[in-house]
Amino acid sequence: MSNKMWGGRFGAAPDAIMQEINASIDFDRKLARQDIAASKAHVAMLRAQGIVTPQAAGDISTGLSTISGEIAAGSFTFSRALEDIHMNVESRLATLAGADAGRLHTARSRNDQVAVDFRLWVRDTADALDAQMRDLQVALATRAREHAKTIMPGFTHLQTAQPVTFGHHLLAYVEMLARDRARLKDARVRLNECPLGAAALAGTSFPIDRHMTARELGFDRPTANSLDSVSVRDFALEVLSCAAICAMHLSRLAEEIVLWVTPQFGFVALSDAFTTGSSIMPQKRNPDAAELVRGKTGRIYGALTGLLVVMKGLPLTYSKDMQEDKEGTFDALESLSLCLAAMRGMILDLTVDARRMKKAAGAGYATATDLADWLVARLNLPFREAHHATGRLVAMAEARGCGLEDLTLEEMNSVHPGITAGIYAVLGVRRSVESRVSYGGTAPKNVMSQARRWLARLTKEVKAEATKEPGA
């Protein structure tokens, strides 16, 4: 027999292979909450417009609430034969509200229905991700304030470059996450238009009020073109793009944690909560949480690329290819959520070895730039000449196997006779970081100021969110 939900045109049931490739209920059941919310808004509008009777609208709305409760309780039976979440809900509604359940689909299509459900899910998930990014910012800024004076080596090319503070390093990621959040909020502005009422592709002849359904669902406005409404997935692509960039930032921090916990670095340690052991080597403590954050980044990139490829050759409007939009998006955004949670946990968990960090900061001639700056400031040398003189001193120290601070004044005078004993004051790593007072620099007072500024700003955000009206 044909499918009872759409099979009037068909005299026979689809082949088993057709059913297998066509069904999406295994993954689009994630849209259940959004599907029911959109249906409630739609039937409320149909009632307000006199398209369905108050009695029918009431029965439909009550039935939808019952279904919502069944899904939440885990007692709802999902059927693959009914293909997707929309048909599963509608079929159950028919048993609860009778023949009037069929009136719910007046003036809409599965095309605009899935478009609105997917937008709602992406919007809800984007909001949740933004909150997680903020929570990670709070964790990073909190640890930055704690370690505003903790000295570590700063690197370029993974080679020791100049001393910085660990707090300054952590605040760099706070800034990255701030941009990630700004991108996500910007994408949200564009996705927050309601496609419901576009119907299959051309709109509808029923006197619907699309502005009402848009308001009911928290959208800023209805979409303006019915063809665009049902055929576009750039709202998901844009959020996936934001997710990919954020995942890249998390992966960079994860890679640093992987390096820092090695015996070769020994800068930080993670507890049992965020590490695992080896099945054969009892001494191992593996930073698997950080490695998995790094690894899951590839899944997120893959989802973005996959959806771009799906959409690139589709003529307007809807094609079944677009059913492939959801699995990758669900997986990518849920993976990012897990990565954000894991990273926040690791940042709060890690123990810092300040002594080891400071010792490493003094290695590799990290204060050579300070020496060159001293030659410019005190001897009025052009920077290139000071750079050359400092290079000769580094070579001399390398040949002796000692630090710059271990060279004698006589040895330094052999490079430039104007050098005085005052040079030794700038060769310590603490003096070096304290001197970097330019805006955005690593000086501890700068770091403390920035950490406090971020924590005040983020705390204000959290309080504002807590007092916001539901649905606002």
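No experiment lies behind these values; they were computed from the predicted model shown. (Residues numbered from 1 in each chain as written. Predicted model: local features only at pLDDT ≥ 70, side-chain atom pairs only at ≥ 80, totals over all residues. Heavy atoms only, no water.)

## Some words on unusual backbone geometry
Reasoning step 1: In this structure, Thr317 follows Leu316 across a cis peptide bond, with omega equal to 10 degrees.
Reasoning step 2: Residue position: Thr317 is located in the loop between helix H11 (288-311) and helix H12 (325-349).
Reasoning step 3: We note that Glu83 has phi near 75 degrees; this positive angle belongs to a residue other than glycine.
Reasoning step 4: Note that Glu83 resides in the loop between helix H4 (54-73) and helix H5 (85-97).
Reasoning step 5: The buried category is assigned to Glu83, whose relative accessible area is 6%. (Helix = DSSP H or I, 4+ residues; strand = E, 2+ residues; numbered from the N terminus. Buried < 20%, exposed > 50% of the residue type's maximum accessible area, 1.4 Å probe, protein only.)

## A word on H5
Reasoning step 1: For H5, spanning 13 residues, the distance from its first C-alpha to its last is 18 Å, which sits close to the expected 18 Å at 1.5 Å a residue.
Reasoning step 2: Among the residues of H5, Ile85, His86, Met87, Asn88, Val89, Glu90, Ser91, Leu93 and Ala97 are the ones counted as buried.
Reasoning step 3: Looking at the packing, one finds that the buried side of H5 touches helix H2 (25-28), helix H3 (32-48), H4 and helix H6 (110-146).
Reasoning step 4: Between a side-chain oxygen at the N-terminus of H5 and the backbone nitrogen of His86 the separation is 3.2 Å; the capping residue is Asp84.
Reasoning step 5: Looking one or two places after H5, you find Gly98, whose phi comes out positive at around 75 degrees. (Expected span 1.5 Å × (residues − 1). Contact = heavy atoms within 4.5 Å. Polar contact = N/O pair within 3.5 Å; in protein donor to acceptor, adjacent residues only side chain to side chain.)

## Description of the pairing of strand E1 (residues 151-156)
Reasoning step 1: Relative to strand E2 (residues 159-165), E1 runs antiparallel, the two sharing 6 bridges. Looking across to E2, one finds that Phe155 is bridged to Thr160. (Pairing = 2+ DSSP bridges.)

## Some details on the layout of surface pockets
Reasoning step 1: Roughly 400 Å³ of internal volume is contained in the second largest pocket.
Reasoning step 2: Along the walls of the second largest pocket sit 21 residues, with Gly154, Phe155, Thr156, His169 and Glu256 positioned nearest its centre.
Reasoning step 3: Counting only elements with at least two residues in the lining of the second largest pocket, the list comes to E1, E2, helix H7 (166-191) and helix H10 (234-260).
Reasoning step 4: Ranked by residue count, the leading element in the lining of the second largest pocket is H10, at 5 residues. (1 Å grid on protein atoms, 1.4 Å probe; cavity = no way out; pocket = protein on both sides within 12 Å on 5 of 7 lines; lining within 4 Å. Points joined across faces, edges and corners; volume = space filled by probe spheres on them.)

## Here's the deal with the packing of H7 against H10
Reasoning step 1: Direction vectors running N to C along H7 and H10 enclose 170 degrees, while the axes themselves pass 8 Å from each other. Between H7 and H10, the crossing angle belongs to the class labelled roughly antiparallel. Contact with H7, carried on its side by Phe166, His169, Tyr173, Met176, Leu177, Asp180, Arg183, Leu184, Ala187, Arg190 and Leu191, involves Phe235, Glu238, Val239, Cys242, Ile245, Cys246, His249, Arg252, Leu253, Glu256 and Trp260 of H10 and no other residues of that element.
Reasoning step 2: Counted by class, the contact of H7 with H10 contains 14 nonpolar, 2 polar and 6 charged residues. (Axes fitted to C-alpha atoms, helices over the stretch in contact; angles between N-to-C directions. Parallel < 35°, antiparallel > 145°, perpendicular 65-115°, else oblique. Nonpolar A, V, L, I, M, F, W, Y, C, P; charged D, E, K, R; others polar.)

## As for the state of the cysteines
Reasoning step 1: Under the defined criterion, the tally for this structure stands at 0 disulfides.
Reasoning step 2: Of all cysteine sulfurs, the one in Cys246 lies closest to Cys242, which takes part in no disulfide; the gap is 9.2 Å.
Reasoning step 3: Under the relative-accessibility criterion, Cys242 is labelled buried at 7%. (Disulfide = S-S within 2.5 Å.)

That is the geometry; function is a separate question.
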